[in-house]
Amino acid sequence: MKWLQIHITVNQDQVDLTETLLMSLGAVSVTLDDAENQDLLEPLPGETPLWNKVIVTGIYQDDENDPIDTEKLEAFIHGQLPEAPIRSEELEDQVWERSWMDYYEPIQIGEKFWIVPEWLEPPEAGAVNIKLDPGLAFGTGNHASTFLCLQWLGKTDLKDKVVIDYGCGSGILGVAALLLGAKQVYATDIDPQAVLATQQNAELNSVLERLYVGLPEEFNTVFKGQQADVLVANILAGPLMALASEFSTLIKSEGEFALAGVIEEQVNDVSGVYSEYFDILDVEKREENWCRISGKRHQY
């Protein structure tokens, strides 16, 4: 079976109309992509940011017994969106939902510390190898903020420590902490898909029995009255600043923390809020101005 892709470039305010139009014309799926290389940050809870110019792509089954009239389809779309550039292409059949697997390679975090896609063999069998399915949720090790947190965990003494992974995404940080010697990890995320992904990746790495993961309200109930030795949070500057006071109650006196998802211009603001409760000991920067802030809880 062949497939037809229709690519339409529209302004942000035309995206909903274009998606609805393509689906009404029989598209089996619709995807959105950036048309102008515009950077977007990971969204805040409840937000769905879009680029100013968006490529909306509809995929259609092109059955040889009932072939699509591409010219007629494009002409109809053009009648609804006369100013929008339209491009089409035919694609051969393949396993679309897993085709992205070809693009992932193991990522080295430290001298003996690797992130390894689950379908590949570890480059060093004797290293700390985190097996990961990158398709499950945010957090693969490729993003600078995730890499910075993994790098920090690799340099931190986690032996027999209790660790919180706040905003766990794929669970990569919590799983890494356990493989690096942590006694117990408590993970939480606002996205139910992230909770599932974390469970699956913990099971994949044989550490599920030492990891708890749940939505924030569940986490608050389970962790009530406890404190962690280490907290890592890879989210965004706004939520991080809002959570500073709460985080101060979750970490033991002189407990260690690392925050990421912060760009260089936001470091002073985030550090200023956290300095009420924490000693800021280090700021590390990686590509594209992403930064990690780390330190210790004030002694009390």
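Residues numbered from 1 in each chain as written. Predicted model: local features only at pLDDT ≥ 70, side-chain atom pairs only at ≥ 80, totals over all residues. Heavy atoms only, no water.

We apply this condition: UniProt positions are given in the numbering used here, feature names are shortened, and annotations may be inferred rather than shown by experiment.
Per an unreviewed UniProt entry, the recorded name for the protein chain is Ribosomal protein L11 methyltransferase, and the organism is Acinetobacter radioresistens SK82. Turning to the protein chain, the UniProt record has this under Catalytic activity (unreviewed entry): "L-lysyl-[protein] + 3 S-adenosyl-L-methionine = N(6),N(6),N(6)-trimethyl-L-lysyl-[protein] + 3 S-adenosyl-L-homocysteine + 3 H(+)". Turning to the protein chain, the UniProt record has this under Subcellular location (unreviewed entry): "Cytoplasm".

### Overview of the pattern of salt bridges
In plain terms, the rule: Criterion for a salt bridge: a side-chain nitrogen of Lys or Arg within 4 Å of a carboxyl oxygen of Asp or Glu. Starting at the N terminus, helices and strands are each numbered in turn, a helix being any DSSP run of H or I of at least four residues and a strand any DSSP run of E of at least two. Only protein chains enter the accessibility calculation, which uses a 1.4 Å probe; a residue is then buried when its area is under 20% of its type maximum, exposed when over 50%, and partly exposed in between.
Scanning the entire structure with this criterion turns up four salt bridges. The salt bridge involving Arg 87 is made with Glu 89; its shortest N-O contact spans 4.0 Å. The salt bridge involving Arg 292 is made with Asp 282; its shortest N-O contact spans 3.4 Å. Taken together, the positions of Arg 292 in strand 14 (residues 290-297) and Asp 282 in strand 13 (residues 278-285) put the pair 10 residues apart, joining distant regions of the chain. In this structure Asp 282 comes out as partly exposed when scored by relative accessible area, which is 31%.

### Observations concerning the pairing of strand 11 (residues 228-234)
Cut-off, in case you're wondering: Pairing between two strands is assigned when DSSP locates at least 2 bridges connecting them.
Within strand 11, seven of the seven residues are buried, which leaves it mostly tucked inside the rest of the structure. Sheet topology note: the strand 8 (residues 162-166)/strand 11 ladder contains four bridges and is parallel. Bridge pairing in strand 11 links Ile 164 to Leu 231. The sheet contact formed by strand 11 and strand 12 (residues 251-263) spans six bridges and is parallel. In the sheet register, Asn 234 faces strand 12, and the bridge partner there is Ala 260.

### Some remarks on unusual backbone geometry
At Asp 160, a residue that is not glycine, the phi angle is positive and equals roughly 60°. Mapped onto the fold, Asp 160 is located in the loop between helix 3 (144-155) and strand 8. Here the phi dihedral of Ser 206 falls at roughly 60°; this positive angle occurs in a residue that is not glycine. Following the sequence through the fold, Ser 206 ends up in the loop between helix 5 (192-204) and strand 10 (211-214). What makes Ser 206 exposed here is its relative accessible area of 56%.

### As for the pairing of strand 5 (residues 107-110)
Bridging between strand 5 and strand 6 (residues 113-117) involves three bridges; their strand directions are antiparallel. Note that in strand 6 the partner of Gln 108 across the bridge is Trp 114. Between strand 5 and the antiparallel strand that follows it, strand 6, lie two residues.

### Considering the UniProt feature "binding site: S-adenosyl-L-methionine" (unreviewed entry) in the protein chain
Note the threshold: Residue contacts are counted whenever heavy atoms from the two residues lie within 4.5 Å of one another. N or O atoms within 3.5 Å of each other form a polar contact, as long as, within protein, one can give a hydrogen and the other can take it, and as long as residues adjacent in sequence are counted only when both atoms are side-chain atoms.
Within the UniProt annotation, "binding site: S-adenosyl-L-methionine" (unreviewed entry) is assigned to Thr 146, Gly 167, Asp 189 and Asn 234. Relative to the elements of secondary structure, Thr 146 occurs in helix 3. For Asp 189, the position within the fold is in the loop between strand 9 (184-188) and helix 5. Judged by its relative accessible area of 14%, Asp 189 falls in the buried class. With residues near it in sequence (within four places) discarded, Asp 189 still touches Gly 167, Cys 168, Gly 169, Ala 194, Val 195, Gly 214, Leu 215 and Pro 216. For Asp 189, the side chain forms a polar contact with the main-chain nitrogen of Cys 168, separated by 3.1 Å.

### Thoughts on the sheet that holds strand 11
Under the convention used in this document: Every angle, taken between N-to-C directions, lies between 0 and 180 degrees, and every axis is a line fitted to C-alpha atoms, over only the stretch in contact when it is a helix.
The seven strands lie next to each other as 10-9-8-11-12-14-13, forming an open sheet whose pairing is mixed. Edge positions in the open sheet fall to strand 10 and strand 13, since each of these has one partner strand only. The sheet shows a mean angle of 15° between the axes of neighbouring strands, taken without regard to direction. Sheet topology places strand 8 next to strand 9; five bridges connect them, and they run parallel.

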